Amino acid sequence: MKILLLEDELMLQESIEEFLISKGYSVDSFDNSDDAFDAIFSKNYDLLLLDVNVPGEWDGFALRKELAKEEKDIPTIFVTSMSSADAMLRGYATGCCDYIKKPFDLIELLLRVQHALKANCFHTESDLIELCPEYYYNTINYSLIHNSKEIPLSKTERSLLKLFVVQKNQIVSLDMIYEEIWENNIEAGNARVQINNLRRKLPKDLIRNIYGLGYRYDS
């Protein structure tokens, strides 16, 4: 499997490259988007690992969009220090498979790489993120779409869905939910009711209850 890595922090670039090579992957590393863009059109890559704030004509998000325009649909993971919910949603809206926030453990990166390659996931650029067949999340107004129709969500349900999408494939603990959605100003029973109200508007087990830990949305 051949991976392109775009990362302008030299020490991190070398660490990621050496680690992935030790796990059997072939890795080409670049520190600017111009050279990465040229390489993508001269070689065949199975996966792109893109930092966002990099030198060159495009940042990582813009590079992914440019590749989509050129019909280069290669599974992509963003590796970036941009950790805000809006930045993550912007990344997912470009059609990436995953988004990993710095700092991170290299084992976590490996697991995400393995998942992306196994799923062979790619999507075209859109304001809509596909949650599962026929269900989409609109990153502009944070709405839920099913069969081209908007499913009514309360303000709290919109906030919950945004949190699960941003943290996809990761367990969202109840403590995180209490803090992010209600600033710890809610009783546990009432919170569970509102989470279950949202889950009932989605396909069964799209947002799974991980016993004793919290919830997880698996893409």
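Quick summary incoming for the structure in this document. Fair warning: this is a prediction, and the values are worked out from it, not measured in the lab.

A separate point is unusual backbone geometry. Cis rather than trans, the peptide bond between lysine 102 and proline 103 has omega equal to -10 degrees. The residue proline 103 is located in the loop between β5 (98-101) and α5 (106-119) in this model. Its identity as a non-glycine residue notwithstanding, asparagine 147 has a phi of 50 degrees, on the positive side. Counting through the fold element by element, asparagine 147 comes out in the loop between β8 (143-146) and β9 (149-151). Since its relative accessible area comes to 45%, asparagine 147 is described here as partly exposed. For serine 148, which is not glycine, the phi torsion reads 70 degrees and is therefore positive. Checked against the element boundaries, serine 148 lands in the loop between β8 and β9.

Listed in full, the buried residues belonging to helix α2 (residues 33-40) are Ser33, Ala36, Phe37, Ala39 and Ile40. The buried residues of α2 occupy an angular sector of 165 degrees when projected down its axis, which confines them to one face. Looking at the packing, one finds that the buried side of α2 touches β1 (2-6), β2 (26-30), β3 (47-50) and α3 (60-69). With a side-chain oxygen positioned 3.2 Å from the backbone nitrogen of aspartate 34, the residue opening α2 is asparagine 32.

Moving on: the packing of aromatic side chains. All chains considered together, the criterion is met by seven aromatic pairs. Summarising the aromatic geometry, the rings of tyrosine 92 and tyrosine 99 are spaced 6.1 Å apart at their centres and angled 50 degrees between planes, so their arrangement reads as tilted. A relative accessible area of 1% means that tyrosine 99 is categorised as buried. Feature note: the residues Phe61, Phe78, Tyr92 and Tyr99 constitute an aromatic cluster, connected by ring pairs.

With that out of the way, let us pick up the nonpolar core. Core analysis: the biggest nonpolar cluster contains 52 residues, and Leu4, Leu131, Leu161, Phe164, Ile177 and Leu202 have the highest contact counts within it. For this core, the leading source of residues is helix α6 (residues 155-166), giving six residues. The residues touching leucine 131, leaving out its near neighbours within four places in the chain, are Tyr136, Tyr137, Leu144, Leu161, Val165, Leu202, Leu206 and Tyr217. Counting residues in hydrophobic clusters, the runner-up holds 19 residues, among them Phe19, Tyr25, Leu47 and Val79.

This brings us to helix α1 (residues 10-22). Three or four residues apart is the spacing at which side chains of an α-helix point the same way, because the helix has 3.6 residues per turn. In this model α1 runs 18 Å from its N-terminal to its C-terminal C-alpha over 13 residues, within 8% of the 18 Å that 1.5 Å per residue would give. Looking at α1, one finds that the buried residues are Gln13, Ile16, Phe19 and Leu20. Viewed end-on, α1 has its buried residues packed into an arc of 140 degrees, placing them on one side of the element. Across from the buried face of α1, at angles greater than 90 degrees, the exposed residues are Leu10, Met11, Glu18 and Ser22. Just downstream of α1, glycine 24 is the residue with a positive phi angle, here 100 degrees.

Side chains that carry opposite charge are capable of pairing whenever their charged atoms lie near each other. For the coordinates displayed, the defined rule picks out 13 salt bridges. For lysine 2, the salt bridge goes to aspartate 28, with nearest N and O atoms at 3.5 Å. On the criterion of sequence distance, the pair formed by lysine 2 in strand β1 and aspartate 28 in strand β2 is long-range, its members being 26 residues apart. Here glutamate 150 ties to arginine 158 by a salt bridge, and the two come within 3.1 Å at their closest N and O atoms. Judged by relative accessible area, which is 24%, arginine 158 ranks as partly exposed.

Calculation notes
Residues numbered from 1 in each chain as written. Predicted model: local features only at pLDDT ≥ 70, side-chain atom pairs only at ≥ 80, totals over all residues. Heavy atoms only, no water. Helix = DSSP H or I, 4+ residues; strand = E, 2+ residues; numbered from the N terminus. Buried < 20%, exposed > 50% of the residue type's maximum accessible area, 1.4 Å probe, protein only. Arc of directions from axis to C-beta. Contact = heavy atoms within 4.5 Å. Polar contact = N/O pair within 3.5 Å; in protein donor to acceptor, adjacent residues only side chain to side chain. Phe/Tyr/Trp six-rings, centres within 6.5 Å; stacked < 30°, edge-to-face > 60°. Core = buried A, V, L, I, M, F, W, Y, C linked by side-chain atoms within 4.5 Å. Expected span 1.5 Å × (residues − 1). Salt bridge = Lys/Arg side-chain N within 4 Å of Asp/Glu carboxyl O.

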